[in-house]
Amino acid sequence: MSFGETPITLVGNLTDDPELKFTEGGAALAKFTIAVTPRSFDRNSNQWKDGTTAFYRCAAWRALAEHVAESLGKGSRVVAMGRMRQHDWTNDQGEKRSMLAVEIDDIGASVRFTTVQINAKRPAQNGLAGDDPWTAANGSAGTASDAEPPF
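Here is what the cut-offs are and how they apply
- Residues numbered from 1 in each chain as written.
- Predicted model: local features only at pLDDT ≥ 70, side-chain atom pairs only at ≥ 80, totals over all residues.
- Heavy atoms only, no water.
- Helix = DSSP H or I, 4+ residues; strand = E, 2+ residues; numbered from the N terminus.
- Buried < 20%, exposed > 50% of the residue type's maximum accessible area, 1.4 Å probe, protein only.
- Contact = heavy atoms within 4.5 Å.
- Areas by Shrake-Rupley, 256 points an atom, 1.4 Å probe, with all protein chains shown as cover.
- Salt bridge = Lys/Arg side-chain N within 4 Å of Asp/Glu carboxyl O.
- 1 Å grid on protein atoms, 1.4 Å probe; cavity = no way out; pocket = protein on both sides within 12 Å on 5 of 7 lines; lining within 4 Å.
- Points joined across faces, edges and corners; volume = space filled by probe spheres on them.
- Nonpolar A, V, L, I, M, F, W, Y, C, P; charged D, E, K, R; others polar.
- Pairing = 2+ DSSP bridges.
- Polar contact = N/O pair within 3.5 Å; in protein donor to acceptor, adjacent residues only side chain to side chain.

Novice: Can you help me understand the overall build of the chain in this one?
Specialist: Scanning the chain for helices and strands turns up one helix and eight strands. Beginning at the N terminus, the succession of helices and strands in the chain can be written as β-β-β-β-β-β-α-β-β. Residue burial in the chain is summarised as follows: out of 151 residues, 22% are buried. When contacts within the chain are restricted to residue pairs at least 6 apart in sequence, those whose partners lie at least 24 apart make up 54%. Approximately 11100 Å² of the chain is accessible, and the part contributed by carbon and sulfur atoms is 49%.

Printed below as a string of C-alpha cells:
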C-alpha cells in the first residue's frame, strides 16, 4: 500500500454474483458490490436493530479476480480488505462525475454464521506438490528432524 491511501476492511454480503471480465491485455477483473449493514443492540426493546446499509462497489484484479468469481456468489458473507479509490470522469453531456470504489487486496468467506470448505490450489515447485513445508511431498514431514517448524 502506498503512502496516503485509505485502507478499508469490509464485512458484509455480496449483492450479486461477481462480474468477471478481461482487459484487452488479458488481465482478469472482477466487479462486485458488498452491502454492509451495522447492527446494534437496543436495550429498551431487547432486540438487535439494523442500521442503514452502505453499498461498496469493489474491484479485484488478476488471479484474485478469478478466485472471487469462482468462489463467491450472491449472498456470500465476506471479509474484504482493500483501498478506497476515487474515480473521476466526464459523461457524454460534458458533466464531471466521480465515485468512490474499493480496490480489493484480499477477500475471504466469513465463517461467523456458516462453514466453508477450502480447496487450496498451490503451484507446484521443482516437481513437488507445492510450497507447503508441512507436507510429506517435500520429503521431511513426519520425521524426527521435524521437531521444530521449518522457518
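What follows continues from the structure just given.
Novice: Could you clarify how one ought to interpret the environment of Ala65 in this entry?
Specialist: Inspection of the secondary structure puts Ala65 in helix H1 (residues 62-71). Setting aside its immediate chain neighbours within four residues, Ala65 contacts Leu20, Ala28, Leu29, Ala30 and Ala60.

Novice: Would you mind going over the pattern of salt bridges with me for this structure?
Specialist: Close approach of charged atoms allows side chains with opposite charge to pair. Applying the stated criterion across every chain yields a total of eight salt bridges. Among the salt bridges present, the one from Glu5 reaches Arg83, with a minimum N-O distance of 3.4 Å. With Glu5 in the segment before strand S1 (6-14) and Arg83 in strand S7 (residues 77-90), the pair connects residues that are 78 residues apart, well separated along the chain. Residue Arg83 is classed as buried on the basis of its relative accessible area of 12%.

Novice: Can you help me understand the layout of surface pockets in this one?
Specialist: In this approach the atoms are scanned with a rolling probe the size of a water molecule, which exposes any empty space left behind. Reported here for the largest pocket is a volume of approximately 680 Å³. Listed by contribution, the elements that provide at least two residues to the lining of the largest pocket are H1 and strand S8 (96-109). Per element, the largest residue contribution to the lining of the largest pocket is five residues, and it comes from H1. Of the residues contributing to the lining of the largest pocket, the split by class is eight nonpolar, eight polar and four charged.

Novice: Teacher, can you tell me more about the pairing of strand S4 (residues 39-42) here?
Specialist: Each regular strand displays side chains that alternate between the two surfaces of the sheet. By the bridge criterion, four bridges tie S4 to strand S5 (residues 47-50) in an arrangement that is antiparallel. Across the sheet, residue Arg39 finds its bridge partner in S5, namely Asp50. In this structure, the hairpin formed by S4 and S5 is closed by a connection of four residues, where Asn46 is found at a positive phi of approximately 60 degrees.

Novice: What am I meant to see in the side chain of Asn91 here?
Specialist: Inspection of the secondary structure assignment puts Asn91 in the loop between S7 and S8. At a separation of 2.8 Å, a polar atom in the side chain of Asn91 contacts the side chain of Glu95.

Novice: Could you clarify how one ought to interpret the pairing of strand S2 (residues 19-22) in this entry?
Specialist: Sheet topology note: the S2/strand S3 (residues 28-36) ladder contains four bridges and is antiparallel. Of the residues in S3, the one forming a bridge with Glu19 is Lys31. Connecting the antiparallel pair S2 and S3 is a turn made up of five residues, with Gly26 showing a positive phi of about 95 degrees.

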